Amino acid sequence: MAATPKKRHSKSRRNNRRSHHMRIARELVAISKCPNCGVLKTPHQVCWNCGHYKGQLIKKAL
Ligand SMILES: [Zn+2]
């Protein structure tokens, strides 16, 4: 028999858990400015706007 939870979690606890599901909200915690084009981006990732990372072109801009 599989293990089952003893008590149901409240709406508050359920919603609190799901508050982390939205990716954009999590990314808002850490934001840095691209040194090449100045747009706001997530740190340690290639800039979505100009495609630069650590001062060099990684991928071509759209
Ligand atoms: Zn950039």
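Reading the values: rules and limits
- Residues numbered from 1 in each chain as written.
- Predicted model: local features only at pLDDT ≥ 70, side-chain atom pairs only at ≥ 80, totals over all residues.
- Heavy atoms only, no water.
- Donors = N, O, S within 2.8 Å, 3.2 Å for Na, K, Ca; no water.
- Tetrahedral: all angles 85-135°; square planar, octahedral: opposite > 155°, others 65-115°.
- Buried < 20%, exposed > 50% of the residue type's maximum accessible area, 1.4 Å probe, protein only.
- Helix = DSSP H or I, 4+ residues; strand = E, 2+ residues; numbered from the N terminus.
- pLDDT = per-residue confidence, 0-100.

The zinc ion binds to the protein through Cys-34 (SG), Cys-37 (SG), Cys-47 (SG) and Cys-50 (SG); the donor distances cover 2.2 to 2.3 Å. In this structure, the zinc ion is coordinated by four donor atoms arranged in tetrahedral fashion, with angles at the metal of 106 to 113°. All donors of the zinc ion come from a single chain, and their spacing in sequence reads C-x2-C-x9-C-x2-C. Classification of Cys-34 by relative accessible area gives buried; the value is 2%.

Phi at His-44 is positive, roughly 60°, even though this residue is not glycine. Among the secondary structure elements, His-44 is positioned in the loop between β2 (40–41) and β3 (52–53). Backbone geometry at Lys-54 places phi at a positive 55°, although glycine is not the residue there. In this structure, Lys-54 sits in the loop between β3 and β4 (56–57). Judged by relative accessible area, Lys-54 falls into the exposed class, the value being 73%.

When pLDDT is averaged along the chain, the result is 85, and 89% of the positions lie at 70 or above. Within the chain, the lowest mean pLDDT, 66, falls on helix α2 (residues 23–27), and the highest, 93, falls on helix α1 (residues 11–18).

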